[in-house]
Amino acid sequence: MWQRVKNFFLSFRTYADLSPDVKTRRQVNRWLRDRPALTSDEWYEYFWQARQVSPAVATFAYIYLEQYSGLQTARILPSDRLEEDLHLTLVCWFDWHFTLCEDFEQHLGVGIEDYLEMQDLSTVEEFVMFLNQQLLSVNHS
């Protein structure tokens, strides 16, 4: 009986450990608030078109990065650092990388070959370029 009660309370603690840090998310969104909010099309034109990123990849990143993190993607810059500035590991669910791979394949028809490579990316630019490379590698095969 006591083991069940103990497991019940431990599951709450584990859930909290794996859940997004809402306080950090609010802090990052406050930090982003001073920046202009761009539409998906503007975000693509200002930051990704010149880098020859597919519009589909830019739109995917714009929509899904916000869904995973709760951050205002409309205010995010390519130079923002994923951990130091946006704190993605803290503001996302623990398994957001896996969900991203599934969503990318479902929406763009391309599987991400090396998900572990994503963990080495440091900026939003590197992240979007990585996604774009996944799409390009299939289109050039």
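Read on for a plain summary of the structure. (Residues numbered from 1 in each chain as written. Predicted model: local features only at pLDDT ≥ 70, side-chain atom pairs only at ≥ 80, totals over all residues. Heavy atoms only, no water.)

### Points about the nonpolar core
Move 1: Of all hydrophobic cores here, the largest spans 38 residues; its most connected members are W43, W48, L88, L100, F127, V128 and L131.
Move 2: Contributions of two or more residues to this core are made by α2 (22–32), α3 (40–48), α4 (55–69), α5 (88–91), α6 (96–108) and α8 (124–139).
Move 3: Here this core takes 8 residues from α4, the largest share from any one element. (Core = buried A, V, L, I, M, F, W, Y, C linked by side-chain atoms within 4.5 Å. Buried < 20%, exposed > 50% of the residue type's maximum accessible area, 1.4 Å probe, protein only. Helix = DSSP H or I, 4+ residues; strand = E, 2+ residues; numbered from the N terminus.)

### Thoughts on the environment of D34
Move 1: For D34, the location among the structural elements is in the loop between α2 and α3.
Move 2: Once the C-alpha coordinates of D34 and R75 are considered, the two residues, 41 residues apart in sequence, prove to be 8.5 Å apart.

### Quick look at the side chain of T73
Move 1: For T73, the position within the fold is in the loop between α4 and α5.
Move 2: Engagement of the side chain of T73 in a polar contact is seen with the backbone oxygen of Y62, the distance being 3.2 Å.
Move 3: Setting aside residues up to four positions removed in sequence, T73 forms contacts with W43, A61, Y62, L65 and E66. (Polar contact = N/O pair within 3.5 Å; in protein donor to acceptor, adjacent residues only side chain to side chain. Contact = heavy atoms within 4.5 Å.)

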